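# Architecture at a glance
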Amino acid sequence: MSQPSDLPYLSWARAHAGRQRLCMRGSGMPSRPLPSPLPTLASPPPGQDDLWHERQVAAAVAHRAGVEPEEVFVTLGASGANAAVLATLLQAGSSEPGELLCERPSYDPLWRTGQALGCSLRFFERHASEGWRLDPLALEAELSHDTRAVILARPHNPTGVNVPEPVLHALGEIAEAHDLWVIVDEVYLDFVPGALPAYRIHPRLISTCSLTKVYGLSELRLGWVLAHRSLVERMTARRLHAEALLPTLPHAVALALWDKLDGWRDQARAQAREGAAIFEAALADLPGVSLAPHAGTPFGFVSVADPAALTLALEALGVGVTPGAVFQAPGGFRLGWTRPVEQLREAAEILRNALVMRT
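The text that follows walks through the structure, step by step, so that each part is easy to find.

### Some words on the sheet that holds strand β12 (residues 322-323)
Pairing is antiparallel in the open sheet, where 4 strands are placed in the order β9-β10-β13-β12. Since the sheet does not close on itself, it has two edges, and those belong to β9 (290-291) and β12, each with one partner. Where strand β10 (residues 299-303) meets strand β13 (residues 332-336), 5 bridges bridge the pair, whose relative direction is antiparallel. Within the sheet, the bridge partner assigned to Ser 303 lies in β13 and is Gly 332.

Here you go:
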């Protein structure tokens, strides 16, 4: 078993950051420069306590998501959201951490955080031959009597494939029948027009999200959990032992920029569509090459023969992609398209030529 500190994907990403001129490794919108000067930041009214900004953020998130403020838990990014939920579900009420079931392929911090908490792990498969779809029955077949939580990404990372709402509802019914919870990392969900948070589809589903991937506000490290208020209360109680107060400045800045989110979301969706179209056109007629049917996300998964050799060849030509092996998907690579359009077109031409040369 890997040591709890091992996070191979993040270690790989940091080691390879900026190494190629045309970096197609990004999975979200680039960091957005904050306005200068910043809008006026709200201060707590007289008589309010130190949690006023956090409560205002929870109310803003709740309004945007269509839930109640008591069903929102504010965190340090989506990673903090996932960690808070996992710690609460896997360690509560038992001397031994429960079992976590995770999809495969996957973004490995989803399950390695559970591993760091000492839980046992099981996986259910999403297959390329089935379009990477999530099969509720296959997931249920992998449950054991020790399973306390399931974790997955929607849309899926690394393929960008979405999970339809009827499938999510079926997962919620399975979770209720087996007395467990399903954590759905939805940092990319706002790329999908009209998509409801998983928590609104079934109360046994838990949504985690942030302002980073769609909105480019990574500097704020602002994330949240949407969950039943009983779980929010449990997460709040746990946090008193570590970080009783979150930093208020990012909350104040986020609230000042809140009315800009819809416009930034629409820009992100347009950029993702344009980038996807460029690479879809470049790969469309190549034999033995397929691009996963992504849900409008800023990345997709390319299945090819001998992807490791192709990845090295692309790096030599100045194009960086993310090997599928870091997601436990060795049959291809993740391709991002959040760079300027001119760079995307150049990278697409290089990728196409490299693939043509192999045929």
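Still more ground to cover, so stick around.
### Thoughts on the pairing of strand β8 (residues 222-226)
For β8, the tally of buried residues reaches 5 of 5 residues, placing the bulk of the element in the interior. As defined by bridge partners, strand β7 (residues 205-210) adjoins β8 across 4 bridges and the pair is classed as antiparallel. Residue pairing across strands places Cys 209 opposite Trp 224, the latter belonging to β8.

### Some details on the pairing of strand β6 (residues 181-185)
In terms of burial, β6 is largely enclosed, as 5 of its 5 residues are buried. Alternating residues of β6 divide into Trp 181, Ile 183 and Asp 185 and Val 182 and Val 184, and every residue in both groups is buried. Between the parallel elements strand β5 (residues 147-153) and β6, the chain passes through helix α6 (residues 165-177) in a crossover that is right-handed. Taken together, the 4 bridges between β6 and β7 define a ladder with parallel strand orientation.

### Quick word on the sheet that holds β5
In space, the 7 strands of this open sheet follow the order β2-β8-β7-β6-β5-β3-β4, with mixed pairing throughout. In the strand order of this sheet, the two ends are held by β2 (72-76) and β4 (120-125), each with one partner. Averaged over neighbouring strand pairs, the angle between their axes works out to 25° when direction is ignored. Relative to β4, strand β3 (residues 99-104) runs parallel, the two sharing 6 bridges. When the bridges of β4 are listed, Cys 102 appears paired with Phe 123. Strand contacts of helix α8 (residues 229-239): β2, β6, β7 and β8, with the helix running at about 35° to β2, the strand carrying the most contacts.

### Things to note about the nonpolar core
Counting residues in each nonpolar core, the largest one holds 34 residues, and the members touching the most others are Val 72, Leu 211, Leu 217, Trp 224 and Leu 226. Where this core is concerned, the elements lending two or more residues are α2 (52-65), β2, β8, α9 (248-257) and α10 (261-283). If one sorts the elements of this core by residue count, α2 sits on top with 6 residues. Of all hydrophobic cores here, the second largest spans 29 residues; its members include Val 85, Leu 90, Leu 100 and Phe 123.

### Considering the packing of aromatic side chains
Under the criterion given, the structure shown has 4 aromatic pairs. Judged by centre distance (5.2 Å) and plane angle (85°), the rings of Trp 111 and Phe 123 are edge-to-face. With Trp 111 in helix α4 (residues 109-116) and Phe 123 in strand β4, the pair connects residues that are 12 residues apart, well separated along the chain. What makes Trp 111 buried here is its relative accessible area of 7%. Its relative accessible area of 16% is what places Phe 123 among the buried residues. Seen from their ring centres, Trp 132 and Phe 301 are 5.5 Å apart, and the 80° between their planes marks the pair as edge-to-face. Of this pair, Trp 132 sits in the loop between β4 and α5 (136-141) while Phe 301 sits in strand β10, placing them 169 residues apart in sequence. Exposure remark for Phe 301: the relative accessible area of 1% places this residue in the buried category. Across from the ring centre of Trp 181, 4.4 Å away, lies the NZ or CZ of Arg 204, which sits over that ring. Lying across the ring of Phe 299, Arg 334 places its NZ or CZ 5.4 Å from the centre.

### Digging into empty space enclosed by the protein
Under the counting rule described, the total for this entry stands at 1 cavity of 30 Å³ or more. In this model, the largest cavity occupies a volume close to 30 Å³. What lines the largest cavity is simply Asp 50, Leu 51, Glu 54, Leu 245, Leu 246, Thr 248 and His 251. Broken down by class, the residue content of the lining of the largest cavity amounts to 3 nonpolar, 2 polar and 2 charged.

### Brief notes about the packing of helix α3 (residues 77-91) against α4
Across the interface, α3 lies against α4 with an axial gap of 10 Å and an inter-helix angle of 45°. Here α4 runs oblique to α3, going by the angle between their axes. Helix-helix and strand crossings are classified by hand; for α3 and α4 the assignment is right-handed. Residue-level inspection shows Asn 82, Ala 83, Leu 86 and Leu 90 of α3 in contact with α4, the latter providing Leu 110, Thr 113 and Gly 114. Of the residues contributing to the contact of α3 with α4, the split by class is 4 nonpolar, 3 polar and no charged.

Basis of the calculations
Residues numbered from 1 in each chain as written. Predicted model: local features only at pLDDT ≥ 70, side-chain atom pairs only at ≥ 80, totals over all residues. Heavy atoms only, no water. Pairing = 2+ DSSP bridges. Helix = DSSP H or I, 4+ residues; strand = E, 2+ residues; numbered from the N terminus. Buried < 20%, exposed > 50% of the residue type's maximum accessible area, 1.4 Å probe, protein only. Right-handed = clockwise from strand over helix to strand, strands pointing away. Axes fitted to C-alpha atoms, helices over the stretch in contact; angles between N-to-C directions. Contact = heavy atoms within 4.5 Å. Core = buried A, V, L, I, M, F, W, Y, C linked by side-chain atoms within 4.5 Å. Phe/Tyr/Trp six-rings, centres within 6.5 Å; stacked < 30°, edge-to-face > 60°. Lys NZ or Arg CZ within 6 Å of the ring centre and 35° of its normal. 1 Å grid on protein atoms, 1.4 Å probe; cavity = no way out; pocket = protein on both sides within 12 Å on 5 of 7 lines; lining within 4 Å. Points joined across faces, edges and corners; volume = space filled by probe spheres on them. Nonpolar A, V, L, I, M, F, W, Y, C, P; charged D, E, K, R; others polar. Parallel < 35°, antiparallel > 145°, perpendicular 65-115°, else oblique. Left-handed = near helix turned anticlockwise from the far one by under 90°.

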